[in-house]
Amino acid sequence: MTDHAGRGRFITLEGGEGAGKTTQLRRLVDYLGRAGQSVRATREPGGTPGAEEIRTLVTGGRVDRWDPMTELLLMMAARSDHIERVIRPSLARGEWVVSDRFHDSSRVYQGLAGGLGLETVDRLHEPLLDGVLPDLTLIFDLPVETGLARRGNEGGGGRFEAKDRSFHEAVRQGFRELAAREPRRFAIIDASVGVDEVSRQIEATLETIR
């Protein structure tokens, strides 16, 4: 990974539903803190008061509440606020930012699985991101049925979880496609194993950017 003198590092956690990102984010933040790093944990959609309001709007309601383009624009509005109020200032202060999802979720959920296309999503994101890209993106990969079962057991559920099986399979394949396109930024984590083993995979991967 590129060395950013005076700038913090930006790590994003991506994957399908029920992959365990939230648990691993907490563990990763603790791990980095013990290593002496100043860390800001955040999530998308969300991370700021305004973006959290948009999160409620976009994740709730009927499955067909929003078409993919409207969904994307809502996500981007939340992301713009998140970048300007949290991510960019934190990185400028030299903090590490760890986010549960970022723009790759839109590239997959609305672009590849939603049918808008990767080129459209990337083109719309260019002025929004303005150079803010993850140094490392961890993709939590596991079979679709395993992830959905985990979410069901946790009592989770919303518009995205309620989408059909083919959509979730397309999400899984979409993240794998992104990893194949940018192997230097992405690392695939086997999320089907135990929590401790997942953490060990993440810590080993972090050595590539420390």
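Not measured: the values here are computed from a predicted model. (Residues numbered from 1 in each chain as written. Predicted model: local features only at pLDDT ≥ 70, side-chain atom pairs only at ≥ 80, totals over all residues. Heavy atoms only, no water.)

## Some details on the sheet that holds strand β5 (residues 186-190)
- The strand order across the open sheet built from five strands is β2-β3-β1-β4-β5, with neighbouring strands paired in parallel fashion. Pairing within the sheet leaves two strands with one partner each, and these edge strands are β2 (39-43) and β5. Adjacent strand axes in the sheet meet at a mean angle of 20°, parallel and antiparallel pairs treated alike.
- Here strand β1 (residues 10-15) pairs with strand β3 (residues 96-100) via four bridges, running parallel. Counterpart to Thr12 in the pairing with β3 is Ser99.
- Relative to the sheet, helix α1 (residues 21-34) contacts β1, β2, β3 and β4 (136-141), its axis offset from that of β3 by approximately 170°.
- Contacting β1, β2 and β3, helix α3 (residues 68-92) runs over the sheet at an angle of about 160° to β2. (Pairing = 2+ DSSP bridges. Helix = DSSP H or I, 4+ residues; strand = E, 2+ residues; numbered from the N terminus. Axes fitted to C-alpha atoms, helices over the stretch in contact; angles between N-to-C directions. Contact = heavy atoms within 4.5 Å.)

## Focus: the side chain of His125
- Within the secondary structure, His125 is located in helix α5 (residues 118-129).
- In this structure, His125 is in contact with Leu72, Met76, Arg79, His103 and Ser106, ignoring residues within four places of it in sequence.

## Comments concerning the packing of aromatic side chains
- A full pass over the atoms with the stated rule returns four aromatic pairs.
- Here the aromatic rings of Tyr109 and Phe175 are separated by 6.4 Å at their centres, their planes lie at 70°, and the arrangement is edge-to-face. In this pair, Tyr109 is assigned in helix α4 (residues 103-112) and Phe175 in helix α7 (residues 165-181), connecting sequence segments 66 residues apart. Phe175 matches Tyr109 in its accessibility class, with the two residues each being buried.
- By way of ring pairs, the aromatic residues Tyr109, Phe160, Phe167 and Phe175 are connected into one cluster.
- Positioned over the ring face of Phe160 is Arg159, at 5.4 Å from the centre of the ring. (Phe/Tyr/Trp six-rings, centres within 6.5 Å; stacked < 30°, edge-to-face > 60°. Buried < 20%, exposed > 50% of the residue type's maximum accessible area, 1.4 Å probe, protein only. Lys NZ or Arg CZ within 6 Å of the ring centre and 35° of its normal.)

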